[in-house]
Amino acid sequence: MSPSSHSVFPLIFILALLFPLIGMTQTNKPGTKEETKSRKQLNREKMEEDRIARWDFGINFGTYFSNKYTANYYNGSAGNVNTINYVMTNYYWYQEIKQLLNAADTVIIEGLPTNMHYHVALTGGLFFRYNFTSLWGIFLEVDYAQLNTDGEFTANIDPATYLTEPNLQLFSIHGREQRVNLDLGVHRRFPVYRKKMNLFAQAGLNINYCQVMKNYINFYDKEYSIINIYGNQNYIPNTNLQENQTYQNGFGYGLYAGGGMGFIFSRQIGLELGGYLHYITVNLEGYNQFRPFGGVYLRFVLNNFINREEE
């Protein structure tokens, strides 16, 4: 073998070792097809993360805790719009009640409830939010609830003039109303974990609508409404009395504050757990001072519900 052959083999061996490295260098060289594709993919993923869900739509389910202050609107006292005396001073209703109670002489109302309260009510409603940024937004929420309150009053049946135990019995009085709360305010998020979990706070204004549905008393199984639906007419059985549409309703207003925790399961679906406090006036005659009310809720959220995403 010639000396030139010996010099060629080492050169071929070195080139064989360097060829893969040269290929790798060419593959990672800026501007190559593979590098450009990888960078585009990263940019696309980054844009997906940074996009903001501008419009959110939610459905609320929760419980409402109404202040007992307005519940006394339904206790039948003389200073209220609806009174027990409205029933007891009607001759025909009074005779019916005496017969129901087996009273030989008189039935006298001696004690009315003064500390009525509402039962915890279920609420449902809709929620809309527009997000200016990933942290700030404005919201509009509308919730509906039916409120019930129940109490007891005392009736003295055939009170005796001599020294005997009085025949005192307890009977029930009830109020039923419906209430709508509309809240408008600002929403602020506080990210906790990889945009999948956040804390939030809300504050704003409240407008509420309240309507009395029923206010009545029971003597055993017999129900008597204490809402005056006959105006200046006295109830007379078996006559064509004209009933009047009696509306006991009105709008109130006040302040709203709340907060909670949000979970984002995907770019379309989320869940929020929260609570709120109202400091409002409810427009029930004689009971329209400002009082605190509150509630808790579970909200199912649909993000980008109008199919619009912006950066």
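Predicted model only: the values in this text are computed from it and were never measured.

What to know about the overall build of the protein
Alright, step 1. For the protein, the count of helices and strands is 4 helices and 12 strands.
Alright, step 2. Taken over 311 residues, the protein has a buried fraction of 36%.
Alright, step 3. Sequence separation of 24 or more characterises 72% of the internal contacts of the protein that already satisfy a separation of 6 or more.

Here's the deal with the pattern of salt bridges
Any two side chains of opposite charge can pair, on the condition that their charged atoms come close.
Alright, step 1. All chains considered together, the criterion is met by 8 salt bridges.
Alright, step 2. A salt bridge links Asp 56 to Arg 129, with the nearest nitrogen and oxygen atoms 3.1 Å apart. Here Arg 129 lies in strand E4 (residues 121-131) and Asp 56 lies in strand E2 (residues 55-65), a separation of 73 residues in the sequence.
Alright, step 3. The salt bridge partner of Arg 189 is Asp 56, with a shortest N-O separation of 3.3 Å. Residue Arg 189 is located in strand E6 (residues 168-193), and its partner Asp 56 is located in strand E2; the two are separated by 133 residues in the primary sequence. Accessibility assignment for this pair places Arg 189 and Asp 56 in one class, buried.
Alright, step 4. The structure contains a network of salt bridges with shared partners spanning Asp 56, Arg 129, Glu 141, Arg 189, Glu 272 and Arg 299.

Quick notes on the nonpolar core
Burial of nonpolar side chains together is a common tendency in soluble globular proteins.
Alright, step 1. Judged by nonpolar contacts, the single largest core of 45 residues is most densely connected at Tyr 64, Val 87, Ile 217, Phe 219 and Leu 284.
Alright, step 2. Where this core is concerned, the elements lending two or more residues are helix H3 (85-88), helix H4 (91-100), E4, strand E5 (136-157), E6, strand E7 (197-219), strand E10 (269-281) and strand E11 (291-303).
Alright, step 3. Ranked by residue count, the leading element in this core is E5, at 6 residues.

Considering the confidence of the model for the protein
Alright, step 1. On average, residues of the protein carry a pLDDT of 85, and 80% of them reach 70 or more.
Alright, step 2. Contacts for the low-pLDDT stretch residues 3-10, under 50 throughout, to residues beyond four places or in other chains number 2 contacts.
Alright, step 3. Residue range residues 13-28 is modelled with pLDDT below 50. Its contacts to residues more than four positions away, or to other chains, number 2 contacts.

Section: the packing of aromatic side chains
Alright, step 1. With the rule as written, the count across this model stands at 24 aromatic pairs.
Alright, step 2. Between the aromatic rings of Tyr 130 and Phe 132, the centroid separation amounts to 5.3 Å while the plane-to-plane angle is 85 degrees, which identifies the pairing as edge-to-face.
Alright, step 3. Under the relative-accessibility criterion, Tyr 130 is labelled partly exposed at 22%.
Alright, step 4. Here the aromatic residues Tyr 86, Trp 93, Phe 153, Phe 171, Phe 219, Tyr 220, Tyr 224, Tyr 230 and Tyr 235 are joined through ring pairs into a cluster of three or more.
Alright, step 5. Above the plane of the ring of Tyr 118 lies Arg 179, whose end atom (NZ or CZ) is 5.8 Å from the centre.
Alright, step 6. Taking NZ or CZ as reference, Arg 299 lies 3.6 Å from the ring centre of Phe 127, over its face.

What counts and what doesn't
- Residues numbered from 1 in each chain as written.
- Predicted model: local features only at pLDDT ≥ 70, side-chain atom pairs only at ≥ 80, totals over all residues.
- Heavy atoms only, no water.
- Helix = DSSP H or I, 4+ residues; strand = E, 2+ residues; numbered from the N terminus.
- Buried < 20%, exposed > 50% of the residue type's maximum accessible area, 1.4 Å probe, protein only.
- Contact = heavy atoms within 4.5 Å.
- Salt bridge = Lys/Arg side-chain N within 4 Å of Asp/Glu carboxyl O.
- Core = buried A, V, L, I, M, F, W, Y, C linked by side-chain atoms within 4.5 Å.
- pLDDT = per-residue confidence, 0-100.
- Phe/Tyr/Trp six-rings, centres within 6.5 Å; stacked < 30°, edge-to-face > 60°.
- Lys NZ or Arg CZ within 6 Å of the ring centre and 35° of its normal.

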